[in-house]
Amino acid sequence: MTNNILFSTQDSSVHVFYELAKILKKENKVDNVSFTLTNNQYYDEWIKKNNEFIEFSHSILKEWELHNISMKEDLNINLLKEYELRLGVNPGLFGAIVSDRRLFMGYKSTFTQDYVRRFNDEDLLKIIQTFLIKIDNLFKQFKPDVVVSFQCVTLTDYLLALFAREKKIKYLNLRPAKINNRVMFASTVNDPPPEISKMYNDIIDNKGNDLNFNEINSYITSYRKDNKLYEGVVKPSLNPTNKLNYETSKLRKIKNLLNRTFEYYYKYFKDNQISNPIIRLFYIGIINSLRSKKVNRFLKDKYLDKNQLKSLKYIFFPMHTEPEVSLLVHGKPFVNQIELIRMIAISMPIDTILIVKEHPWMIGKRSLNAYKKILNIPRVKIARPDMLSKDLILNSCLLTVITSSVSLEGVLLQKPCITFGDCMTNMLPDYMCQRSKDLRSLPSTISNMMNIKVDIKWDFHLRSMLYSIFVFSSRINLYTTLLGRKDRYSENKKTFHDEIFALYNCINKSLLTIEKQDINKSSLIW
């Protein structure tokens, strides 16, 4: 039994973790529960229907209140240095700022590429100072036995992981496995989680004896035959994914906009975490659509299509959406994709080109000038954004990714991959997937990986990795059913109630797993 559990939530995930916590308490799995919250606007609406949450929770830490406090505090750089010594220089305290787009990226970064900073250096340090003090006090007062978070995209998420590591407290990070609708509670922020790596290595050592790989073999066969998507992903398109809801009547839309705008300027105008509804409407409803048309017009004769791929010798690089945990946490220090594209391009063999494909979420968000910069790099081409990644993988010589799920697709399709960040596939042998840690050796790494010959061991290692992931994950529609995200791919839909119980079983399985681990063993965020 776990005495105290601390949940770190973002927006609607507070509802998911609250419902999960109620089951944990009902089943006598925990005594006390505390929460950290983001998004004052969402919380104000949600708490009207869930007022019992306040009495249910032992402690509630609200990010927007900490932001307000920080602006009134004096900066104590010596105190920050003390925390840095306590929590470690790797990954480092400032990484917590980098992980949070609301601090590190521009105000409009949710809707468009925006690097215009919101805070000066002193304010950023005052913010992290306040968060460190308050979270440190929360650990001292609440004394959690387990910390649970979803992904790692906020300052609070990141610092909770560091404090849990320092205090040798069990840590679980909920995230998708990006296989079907599988999710897991991993014991670290970064991939691959140690529990999955350990099982994979044990299977390899025992040569897979006494294991039933039927489900794994079925998945591999199905993936290689069909165009498989994972839950929560958006389908490739020439048009922006994020759109306005045109099913609502014009009068009702105008009324809603006026209400949201009044509420924003009356209550949330100074809240860094809340987006201006007028700016949102401007970009999602007008700018991004026009920009995507402008980009597609300019690139129409420059795009590569599926029919051209077979005649080309190329390396494939899938771009990430920005801002995203894949870049700001798992891909660090490679947060500048264009510069990494340049490094790959100048490191390739003389007869090879690099094909880049835009992420579906970035259609309409990235400026035309960004694509011009990419095309200005010698031997770099851009694929049509509505092309399937699978077609680009099958005809390529090599994949290069930062932390994209394309690395998993690549090894499934028997294509070698070079990674630059945290990927689940990094546990595989170097001839299947190799992480590049020194850009000076990238030319030789690329050359060697392009000459890899697939042998009989490839699928054995692939099956062993997938078996380990399947054991530690569960089938749950996290994004579509639990978080209510629209315009996302889903499969095997179930009710919210059923999915919450599946999540309950998943966290129990993970808690039993990490209880057997040595939590004194140090782990890295990146």
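Residues numbered from 1 in each chain as written. Predicted model: local features only at pLDDT ≥ 70, side-chain atom pairs only at ≥ 80, totals over all residues. Heavy atoms only, no water.

## Quick look at the overall build of the protein
Phase 1: A tally of helices and strands in the protein yields 22 helices and 13 strands.
Phase 2: Taking 526 residues into account, the globule formula puts the C-alpha radius of gyration at 24 Å, and the protein, at 23 Å, falls close to it.
Phase 3: Dimensions of the protein, computed from C-alpha atoms along their principal axes, come out at roughly 65 × 60 × 50 Å.
Phase 4: For the protein, the residues scored as buried account for 56% of the 526 residues in total.
Phase 5: The contacts in the protein between residues at least 6 apart in sequence include a share of 74% that link residues at least 24 apart.
Phase 6: For the protein, the exposed surface amounts to about 24100 Å²; the carbon and sulfur share of it is 51%.
Phase 7: Put simply, the protein has 77 plus and 55 minus side-chain charges, and the middle of one group is 6 Å from the middle of the other. (Helix = DSSP H or I, 4+ residues; strand = E, 2+ residues; numbered from the N terminus. Rg over C-alpha atoms; globule rule 2.2 N^0.38 Å. Buried < 20%, exposed > 50% of the residue type's maximum accessible area, 1.4 Å probe, protein only. Contact = heavy atoms within 4.5 Å. Areas by Shrake-Rupley, 256 points an atom, 1.4 Å probe, with all protein chains shown as cover. Lys, Arg positive; Asp, Glu negative; His and termini not counted. Charge placed at Lys NZ, Arg CZ, Asp CG, Glu CD.)

## Overview of empty space enclosed by the protein
Phase 1: Using the criterion set out here, one finds three cavities of 30 Å³ or more in the structure.
Phase 2: Counted as a void, the largest cavity has a volume near 70 Å³.
Phase 3: Lining the largest cavity are 13 residues; nearest its centre among them are Val-295, Tyr-303, Ile-363, Tyr-371 and Pro-385.
Phase 4: Looking at which element gives the most residues to the lining of the largest cavity, the answer is helix H13 (residues 277–299), with four residues.
Phase 5: A per-class count over the lining of the largest cavity returns nine nonpolar, three polar and one charged. (1 Å grid on protein atoms, 1.4 Å probe; cavity = no way out; pocket = protein on both sides within 12 Å on 5 of 7 lines; lining within 4 Å. Points joined across faces, edges and corners; volume = space filled by probe spheres on them. Nonpolar A, V, L, I, M, F, W, Y, C, P; charged D, E, K, R; others polar.)

## Here we look at the nonpolar core
Phase 1: Core analysis: the biggest nonpolar cluster contains 44 residues, and Ile-355, Leu-392, Leu-412, Leu-462, Met-465, Leu-466 and Ile-469 have the highest contact counts within it.
Phase 2: Here this core takes seven residues from helix H20 (residues 457–471), the largest share from any one element.
Phase 3: Sequence-distant contacts of Leu-412, defined by excluding residues within four places in its chain, comprise Tyr-219, Ile-220, Tyr-223, Arg-224, Leu-462 and Leu-466. (Core = buried A, V, L, I, M, F, W, Y, C linked by side-chain atoms within 4.5 Å.)

## A few points about the sheet that holds strand S10 (residues 398–401)
Phase 1: Strand order in the open sheet formed by six strands is S9-S8-S7-S10-S11-S12, and the pairing between neighbours is parallel. Every other strand in the sheet has two partners, leaving strand S9 (380–382) and strand S12 (433–435) as the edge strands with one partner each. The sheet shows a mean angle of 25° between the axes of neighbouring strands, direction not considered.
Phase 2: In this sheet, strand S11 (residues 417–419) lies alongside S10 in parallel orientation, the contact comprising three bridges. Looking at S11, one finds that Thr-400 is bridged to Ile-418. (Pairing = 2+ DSSP bridges. Axes fitted to C-alpha atoms, helices over the stretch in contact; angles between N-to-C directions.)

## Observations regarding the pairing of strand S4 (residues 146–150)
Phase 1: For S4, the buried fraction is high: five of the five residues fall into the buried class.
Phase 2: One crossover worth recording links S4 to the parallel strand S5 (residues 170–176) by way of helix H9 (residues 155–166), and it is right-handed. (Right-handed = clockwise from strand over helix to strand, strands pointing away.)

## Structural notes on the packing of aromatic side chains
Phase 1: Across all of its chains, the model carries 24 aromatic pairs by this definition.
Phase 2: An angle of 85° between the planes, with centres 5.6 Å apart, marks the rings of Tyr-18 and Trp-46 as edge-to-face. With Tyr-18 in helix H1 (residues 13–26) and Trp-46 in helix H2 (residues 40–49), the pair connects residues that are 28 residues apart, well separated along the chain. Side by side, Tyr-18 and Trp-46 carry an identical accessibility label, which is buried.
Phase 3: One aromatic cluster is present, built from ring pairs that chain together Phe-7, Phe-17, Tyr-18, Phe-35, Tyr-43, Trp-46, Phe-53, Phe-56 and Trp-64.
Phase 4: Its end group placed over the ring of Phe-56, Lys-25 keeps NZ or CZ at 5.1 Å from the ring centre.
Phase 5: The ring of Phe-298 carries Lys-372 above its face, with NZ or CZ at 5.1 Å from the centroid. (Phe/Tyr/Trp six-rings, centres within 6.5 Å; stacked < 30°, edge-to-face > 60°. Lys NZ or Arg CZ within 6 Å of the ring centre and 35° of its normal.)

## Comments concerning H20
Phase 1: In a regular helix each residue adds 1.5 Å, so 15 residues correspond to 21 Å; H20 covers 21 Å between its end C-alpha atoms and thus fits that length.
Phase 2: Summarising burial for H20: 12 of the 15 residues are buried, a large majority.
Phase 3: Every buried residue of H20 is accounted for by Trp-458, Asp-459, Phe-460, His-461, Leu-462, Ser-464, Met-465, Leu-466, Tyr-467, Ser-468, Ile-469 and Phe-470.
Phase 4: Those residues of H20 that are buried are in contact with strand S6 (182–186), helix H10 (194–205), helix H11 (214–225) and helix H18 (406–412). (Expected span 1.5 Å × (residues − 1).)

## Notes on helix H22 (residues 496–515)
Phase 1: Helix length check: H22, at 20 residues, gives a terminal C-alpha distance of 29 Å against a target of 28 Å (1.5 Å per residue), a fit within 8%.
Phase 2: Among the residues of H22, those classed as buried are Glu-499, Ile-500, Leu-503, Tyr-504, Cys-506, Ile-507, Asn-508, Ser-510, Leu-511, Thr-513 and Ile-514.

## Some words on the packing of H13 against helix H16 (residues 368–375)
Phase 1: Where H13 meets H16, the axes come as close as 10 Å, and the angle between the chain directions of the two elements is 30°. With respect to H16, the element H13 is oriented roughly parallel. The segment H13 lies against H16, with Lys-294, Val-295, Phe-298 and Leu-299 engaging Leu-368, Tyr-371, Lys-372 and Leu-375. (Parallel < 35°, antiparallel > 145°, perpendicular 65-115°, else oblique.)

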